[in-house]
Amino acid sequence: MARINEFISHYPEGKKKSAMLPVLHAVQDAHDNWLSVPLMNKVAEILEVHPIEVYEVVTFYTMFNQHPRGKYTFEFCRTSCCSIRGGEDMLDYACNKLGIKEGETTEDGMFSVVGTECLGACGYGPMLQLGDFYHEHLTEEKFDALVEDCKQGKIKLD
Ligand code: FES
């Protein structure tokens, strides 16, 4: 709550809603990287908005998770620049390699694969985001190596 109140304090009286994004990030970070409906409802209560206003934000931005995700979530850009450089094929390759469909998590809870809109690294596609880091100019070999590094605990997420 101290962190949430700090975010809210950055905005004028009566404008708590303006703190929605940092508050949602903080809540998600503190709750296994996803936002349940009760959590979203609590955020609405704190920010003094209708729950639907929180749902709208959470469902719009792919950086907010509405379901539990794997420890390592590969977010593949599927927008035009990456797509024409094989982004969709890389996403399919990742799903096949991990034995899951897009949006799913492996049974051991280690890996998830999701597609996202442009991540602002259009000149370096195909690319994915893992935690706070980008992995660019992806190839199947690079993805294989990334998965191995994750399994060996070599990947820093933030
Ligand atoms: S199109 Fe992929 S990062 Fe912009």
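Reading the values: the criteria
- Residues numbered from 1 in each chain as written.
- Predicted model: local features only at pLDDT ≥ 70, side-chain atom pairs only at ≥ 80, totals over all residues.
- Heavy atoms only, no water.
- Salt bridge = Lys/Arg side-chain N within 4 Å of Asp/Glu carboxyl O.
- Helix = DSSP H or I, 4+ residues; strand = E, 2+ residues; numbered from the N terminus.
- Buried < 20%, exposed > 50% of the residue type's maximum accessible area, 1.4 Å probe, protein only.
- UniProt positions renumbered as here; feature names shortened; annotations may be inferred.
- Contact = heavy atoms within 4.5 Å.

### Observations concerning the pattern of salt bridges
Counting across every chain of the model gives 7 salt bridges. In this structure, the salt-bridge partner of Glu45 is Lys42, at a minimum N-O distance of 3.2 Å. Taken as a pair, Glu45 and Lys42 lie in helix H3 (residues 37-47) at a separation of 3 residues, close to a single helical turn. Here Glu45 falls in the exposed class, since its relative accessible area comes to 54%.

### What to know about the UniProt feature "binding site: [2Fe-2S] cluster" (unreviewed entry) in the chain
The UniProt entry lists Cys77, Cys82, Cys118 and Cys122 under the feature "binding site: [2Fe-2S] cluster" (unreviewed entry), expressed in the numbering used here. Taking the farthest pair of C-alpha atoms as the criterion, the annotated set spanning 46 residues converges on one region, since that pair is 9.0 Å apart. Mapped onto the secondary structure, Cys77 falls in strand E1 (residues 72-77). Overall, Cys77 belongs to the buried group, its relative accessible area being 4%. Ignoring any residue separated from it by four or fewer positions in sequence, one finds Cys77 in contact with Cys82, Gly87, Thr116, Glu117, Cys118, Leu119 and Met127. Relative to the elements of secondary structure, Cys82 occurs in helix H5 (residues 80-84). Excluding its chain neighbours within four sequence positions, the residues that come into contact with Cys82 are Cys77, Gly87, Gly125, Pro126 and Met127.

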